[in-house]
Structure formats: C-alpha cells, structure tokens
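A closer look at the structure
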Amino acid sequence: MVNSAHPSVERVRKALRAHGLDPEVRWFDDAATTAVAAANALGVDIGAIANSLVFTLDGEPLLVLTSGAHRVDAVWLGDRLGGTIGRASKDVVKQATGQVIGGVAPLGHPSPLRTLVDVALAEFPVVWAAAGHAHTVFPTTFDELVRITGGESTAVAP
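Residues numbered from 1 in each chain as written. Predicted model: local features only at pLDDT ≥ 70, side-chain atom pairs only at ≥ 80, totals over all residues. Heavy atoms only, no water.

By the burial criterion, the buried members of helix α2 (residues 35–42) are Ala 35, Ala 38, Ala 39 and Leu 42. With its buried residues spanning 95° around the axis, α2 presents them on a single face. Looking at the buried side of α2, the elements it contacts are β1 (26–27), β2 (49–57), β6 (127–130) and β7 (136–140). The first or second residue beyond α2 is Gly 43, which carries a positive phi of 70°. (Buried < 20%, exposed > 50% of the residue type's maximum accessible area, 1.4 Å probe, protein only. Helix = DSSP H or I, 4+ residues; strand = E, 2+ residues; numbered from the N terminus. Arc of directions from axis to C-beta. Contact = heavy atoms within 4.5 Å.)

Relative to the assigned elements, Val 54 resides in strand β2. Judged by relative accessible area, Val 54 falls into the buried class, the value being 5%. Between the alpha carbons of Val 54 and Val 146 there is a distance of 16 Å; along the sequence they are 92 residues apart. For Val 54, the contacting residues outside a window of four places in its chain are Leu 62, Leu 63, Arg 87, Ala 88, Val 93, Thr 97 and Val 104.

Now for helix α3 (residues 74–81). The N-terminus of α3 is capped by Asp 73, whose side-chain oxygen sits 3.3 Å from the backbone nitrogen of Val 75. Two residues or fewer past α3, Gly 82 is found with a positive phi of approximately 75°. (Polar contact = N/O pair within 3.5 Å; in protein donor to acceptor, adjacent residues only side chain to side chain.)

Within soluble globular proteins, side chains that are nonpolar tend to cluster in buried spots. Membership of the largest hydrophobic core comes to 29 residues, with the highest contact counts inside it found for Val 12, Leu 16, Leu 107, Leu 121, Phe 138 and Leu 145. For this core, the elements supplying multiple residues, two or more each, are α1 (7–18), β2, β3 (60–67), α4 (90–97), β6 and α5 (142–149). Among the elements that line this core, the one with the most residues is α1, at 4 residues. (Core = buried A, V, L, I, M, F, W, Y, C linked by side-chain atoms within 4.5 Å.)

Below is the structure:
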C-alpha cells in the first residue's frame, strides 16, 4: 500500500499543511491498529507511539493522545476534569473524527475536538501518530501535537 491515497489520509495531510507541516506519511503493508504493532513496524519504543483514543466526557467526544507505553485511567482523568469519562462507541468515533478506530489521527476531523496530550509523549524526540488510516503513521513531536491539535498537555494516569 505504499504511496496509496485515501480520503481520510488526504484530510490529515491537508490539516498538517495548514499548520505549516509536511511530514512523510508512512504506509504499512499490514494494519497497525495497536501501539505494539506500530512500534514493531517502525522499530521504535512503544512509548513513542501516540495512541489516538476517543472517549466521551459527560457525553461529549474527547480525544486523548496517549503514549503507547501505558493506559488512560478514565476514572482518575474524569475526576481531574470534573466529569465522567467513558469509552466512545465506534459510531461516535467515526462521527467525531471522520475516521475509524485503529487509524484515528490527531487532526483532520470534521470539526475541532477537545484534545488532551499525554505528557509522557514529551520523553521522546519523535512521536508517531496515525494519519487517518490503520496502515498509516506520521512523525511529529510532543510540542507539535499540542500545537496542531490545540490540545492540553496533561498526565492521563496517576
């Protein structure tokens, strides 16, 4: 699938260019729907994978970009945010992002999403995020993720 085109990937590329970025989008032969699969395909530490997880916060979509090295503590994070966090259904994910689970990018969505960026990603000089399709990733940095998503940097677990 190298150099293939896909509408979701093209929306992500367009959004990246709107932020002054033009990273190489890498296409994998096999889907990399987990942080482990993406890290193995890239030959990088699992912590350098920015998982794009969609939750709901009091019923509204919330995008959490978390390091692949750990899990979001939804109860703890919900308490910090003053609400209740639940896992979004696949339909909510698709509606909120225009993308499907396994390929959700940090940007390129139909409308802006409240986004939290895990401070653990700052430990890595390069982090990798999905580019709108389960076969794609792009390199970026923690600071760029915060900037291009308008996100809030925060811990996502105690």
